[in-house]
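Listed here are the chains, written in short residue letters.
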Amino acid sequence: MTKTHEGALIRIGLLIHGNKIWMSEFVSIFLVGLVLAVLFGLTLTIVIDEAVIHHNDGKISALQNDSISIAKNISDYSQKATIVDALTSFRGSCISRQTNTQLAELVFASSSTYGYDPYLLLAVITVESKFIPQAKGQYRSGEFSGAFGLMQIKLETAQEIGKNLGLTVRNVGDLYKPEVNLAVGVAYLTRLIAQFHSFKLGLLAYNQGPGVIREYLNTQTPLSIDYYNKVLKNYYLLKKASAQINK
């Protein structure tokens, strides 16, 4: 150790590998290194925290999506269960609960696709076929109308609509399948409603044919609305049955 005159700094030399390093310089290097280490540690912590936050955000988003999906599934299940109960109440013992369940599934899917109230489609099916999958249509005269199945659709019409849906309708046997009949029937009804820009006229065109509705629009010839009234009557009865179940 060496002493300097008054006011001078006191330095203590250290011999390391033959080089003299002053204590103050060592302390400075140490402090700089410590600061760099702290900064590196903070940076690493921030990076890790960001990664953890990003990962957790992904988990939270996935959980939220799962929660939404579960809530929708519960809501859908509840609605379908209500439809089944309403059908059972509406039709009594005419249809088994298993058949009601299958029908509710199909109607719910079709109504979700096209934006219908499922009870409206059920009302149409009630009037058209009374829920008999093998129903054959008849005119008031008793003559066969050429319509088949739940929604009483003709084979040629079903084949045309089926092409647009990517659905092959080979023969009448296919129209006795509820899933096929409903798919083409609801799509055809939707086309007619869009074509005439009216739910009422579209529904009447489904029953009487689009040609009759065009003639009515062109000539204002008398138009029977009995079918429309029957559908609405059954719709309100089904809604009433549903409302009583939900009380």
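Below: a short report on this structure. (Residues numbered from 1 in each chain as written. Predicted model: local features only at pLDDT ≥ 70, side-chain atom pairs only at ≥ 80, totals over all residues. Heavy atoms only, no water.)

**Description of the packing of helix H4 (residues 155-165) against helix H6 (residues 178-196)**
Cut-off, in case you're wondering: Here an axis means a line fitted to C-alpha atoms, over the contact stretch when the element is a helix, while the angle between two N-to-C directions is reported on a 0 to 180 degree scale. Helix and strand definitions here come from DSSP, where helices need a minimum of 4 consecutive H or I residues and strands a minimum of 2 consecutive E residues; each element is numbered from the N-terminal end. By the definition adopted for this analysis, an angle is roughly parallel if under 35 degrees, roughly antiparallel if over 145, roughly perpendicular if from 65 to 115, and oblique otherwise. The contact criterion used is simple: two residues touch if any of their non-hydrogen atoms lie within 4.5 Å. As a working rule, the residues Ala, Val, Leu, Ile, Met, Phe, Trp, Tyr, Cys and Pro are called nonpolar, Asp, Glu, Lys and Arg charged, and the rest polar, with Gly in that last group.
The geometry of H4 relative to H6 is characterised by a closest axis approach of 9 Å and an angle of 90° between their N-to-C directions. Here H6 runs roughly perpendicular to H4, going by the angle between their axes. Counting all contacts with H4, which are made through Thr157, Ala158, Glu160, Ile161, Gly162, Asn164 and Leu165, the residues of H6 involved are Ala183, Val184, Ala187, Tyr188 and Arg191. Residues of the contact of H4 with H6, tallied by class, amount to 7 nonpolar, 3 polar and 2 charged.

**Regarding helix H9 (residues 226-245)**
The criterion, for reference: Between the first and last residue of a helix there are one fewer steps than residues, each counted as 1.5 Å, and that sum is the expected span. Any residue under 20% of the maximum accessible area for its type is buried, any over 50% is exposed, and the rest in between are partly exposed; the area is computed with a 1.4 Å probe on protein chains only.
In this model, H9 (20 residues) spans 29 Å end to end at C-alpha, consistent with the 28 Å of a helix rising 1.5 Å per residue. Taken together, the buried positions of H9 are Tyr227, Tyr228, Val231, Leu232, Asn234, Tyr235, Leu238, Ala241 and Ser242.

**Details of unusual backbone geometry**
Apart from glycine, the bulk of residues carry a negative phi angle, and the bulk of peptide bonds sit in the trans form. One non-glycine residue, Lys130, lies in the positive phi region at around 55°. One non-glycine residue, His197, adopts positive backbone phi at about 55°. Tracing the chain through its elements places His197 in the loop between H6 and helix H7 (199-208).

**Points about the environment of Thr126**
We apply this condition: N or O atoms closer than or at 3.5 Å make up a polar contact, with two conditions inside protein: a donor-capable atom paired with an acceptor-capable one, and, for residues adjacent in sequence, both atoms drawn from side chains.
Mapped onto the elements of the fold, Thr126 is located in helix H3 (residues 118-129). A relative accessible area of 7% means that Thr126 is categorised as buried. Thr126 sits 105 residues away from Val231 along the chain, and the two C-alpha atoms are 7.9 Å apart. Beyond its immediate stretch of four places on either side in the chain, Thr126 contacts Phe90, Phe131, Asn234 and Leu238. Side-chain polar atoms of Thr126 contact the backbone oxygen of Leu122, separated by 2.7 Å.

**Quick look at the nonpolar core**
Convention followed: To define a nonpolar core, start from buried Ala, Val, Leu, Ile, Met, Phe, Trp, Tyr and Cys residues and group those joined through side-chain atoms within 4.5 Å.
Ranked by internal contacts, the top residues of the largest apolar core, which has 51 residues, are Leu103, Leu122, Ile125, Leu175, Leu182 and Tyr206. For this core, the secondary structure elements donating two or more residues are helix H1 (23-91), helix H2 (97-114), H3, H4, H6, H7 and H9. Examining the composition of this core, we find that 10 residues originate from one element, H6, more than from any other. Once you skip the residues sitting within four places of it in the chain, Leu122 turns out to touch Ile83, Leu87, Leu103, Val107, Phe131 and Leu238.

**Some remarks on the sheet that holds strand E3 (residues 136-138)**
Formally: At least two DSSP bridges between two strands are required for those strands to pair.
Here we have 3 strands laid out as an open sheet, ordered E3-E4-E5, and antiparallel in their pairing. A strand with exactly one partner marks an edge of an open sheet, and here the two such strands are E3 and strand E5 (153-154). With 2 bridges joining them, strand E4 (residues 144-148) and E5 adopt antiparallel strand pairing. Among the inter-strand pairings, Phe148 is bridged to a residue of E5, identified as Ile153.

Treat this as a map of the structure, not an account of what it does.
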